[in-house]
Amino acid sequence: MQPFSTIFTSPTNIGELLDDRNVLALIEFGNVDGNGETDPRRIAVGLPQLGSTPLVEVWKSTTPVESGIRGPVSYSKNDQVLFGQLSVDEGDFPSLEEATRRAYESFLPVAGEMGFPNYLRIWNYIPDINGDDNGVERYKRFCSGRHASLEKFVFPEHQLPAASGVGSASSKLLIYYLAARDAGIQVENPRQVSAFHYPPQYGPKSPAFSRAMVKEWGVKKHLYISGTASIIGHESRHGDNVLPQLTESLRNMRTLVHRAESQHGVAIHTLAELSQLKVYVRHEQEHGAIRHHIHEHLGDDVPVIYLGGDLCRENLLVEVEGFYAG
Ligand code: 3EB
């Protein structure tokens with residue numbers, strides 16, 4: 001049985017949603033200062049939602065969940081998966097690199113201790129992601145910190161989870177994740193150099209994530225697609241042109257979907273069958289054109305959320321992540 005599915009829904013009955021013990025996670029957007037909530041299942045991503053219909057993302061568990069706080073992590077879990085989140089105040093550390101390393105080192109063992117040692121997917125929301133930190137872009141500092149901690153936990157490359165790394169308007173570094181008892185299978189993209197093999201021009205330590213993960217849940221399989229941008233090989237493409245960038249991102253995602261289908265038996269044939277998409281938009285004024293393009297190419301059946309955020313390279317204007325729940 002698949003352990004959870006996701007929906008986007010109206011934010012009007014948050015209380016009702018939280019009363020439901022089958023809600024594994026409730027993700028709100030645009031609430032920069034956090035939602036002041038102590039329910040460990042509730043999370044506030046500091047990126048504004050674009051468009052006129054506000055939505056929240058709900059992860060619905062097939063069985064009632066147990067939630068709590070353990071060390072730095074607020075979590076909820078059912079028998080099969082663990083959802084965890086933590087946010088870190090950089091001011092408590094000498095640098096972003098150190099804050100990231102310590103954050104990762106503090107949460108990585110927690111899932112294992114709870115019986116979920118396999119990370120399937122991690123979301124990273126990084127304040128001022130393109131800002132300068134003593135001559136080095138902050139995203140690269142973040143990558144160095146993440147790399148150092150993962151190295152310590154001896155993650156082999158083929159076990160790196162899928163991820164997103166996006167700039168946020170919040171003042172805190174926010175990390176949330178999905179972990180499982182058994183490992184998923186990594187899917188890389190032949191059109192792109194694996195991020196963990198990027199050459200050093202993108203930072204002294206490579207970004208530690210896989211392009212996608214497949215996880216088998218009984219007869220069903222989930223596909224978790226990382227934030228996907230207009231990158232071919234290791235180079236960004238289509239400089240100042242958002243729609244060609246979007247086309248390239250979707251082409252990269254299609255390649256991942258086809259691989260997941262042909263090599264790993266995931267029952268998905270086209271992007272239009274994805275259970276959800278998240279589109280990160282650097283320039284808010286380009287959101288309309290981006291939305292139009294997505295509708296034209298993917299149709300109206302895929303639930304999509306559009307979020308305003310900076311991306312991990314200055315020249316990237318749009319990035320897309322996806323989830324397929326079978
Ligand atoms: C890229 O492909 C675009 O650092 O966790 C996408 C997904 C990107 C995840 C991360 C970065 C991350 O390199 C950026």
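Data block above holds the structure.
Criteria and cut-off values
- Residues numbered from 1 in each chain as written.
- Predicted model: local features only at pLDDT ≥ 70, side-chain atom pairs only at ≥ 80, totals over all residues.
- Heavy atoms only, no water.
- Pairing = 2+ DSSP bridges.
- Helix = DSSP H or I, 4+ residues; strand = E, 2+ residues; numbered from the N terminus.
- Axes fitted to C-alpha atoms, helices over the stretch in contact; angles between N-to-C directions.
- Contact = heavy atoms within 4.5 Å.
- Buried < 20%, exposed > 50% of the residue type's maximum accessible area, 1.4 Å probe, protein only.

## A word on the sheet that holds strand E6 (residues 73-77)
Here we have six strands laid out as an open sheet, ordered E5-E6-E7-E12-E8-E11, and mixed in their pairing. Every other strand in the sheet has two partners, leaving strand E5 (66-70) and strand E11 (162-168) as the edge strands with one partner each. Looking at each pair of strands side by side, their axes are set apart by 15° on average, direction ignored. Across the sheet, helix H3 (residues 138-152) is in contact with strand E8 (118-127), E11 and strand E12 (173-180); its angle to E8 comes to roughly 150°.

## Description of the pairing of E11
Most of E11 sits out of view: seven of its seven residues are buried. Residues Ala162, Ser164, Val166 and Ser168 line one face of E11 and the alternating positions Ala163, Gly165 and Gly167 line the opposite face, and both faces are buried. Alignment of E8 against E11, held across seven bridges, turns out to be parallel. Residue pairing in the sheet places Asn124 in a bridge with Gly165 of E11.

## Quick word on the pairing of strand E18 (residues 276-281)
Burial analysis of E18 places six of its six residues in the buried class, the great majority of the element. Sheet topology places E18 next to strand E20 (residues 318-324); six bridges connect them, and they run antiparallel. Across the sheet, Gln276 pairs through a bridge with Phe323, a residue of E20. Note that E18 and strand E19 (residues 304-308) share five bridges and pair parallel.

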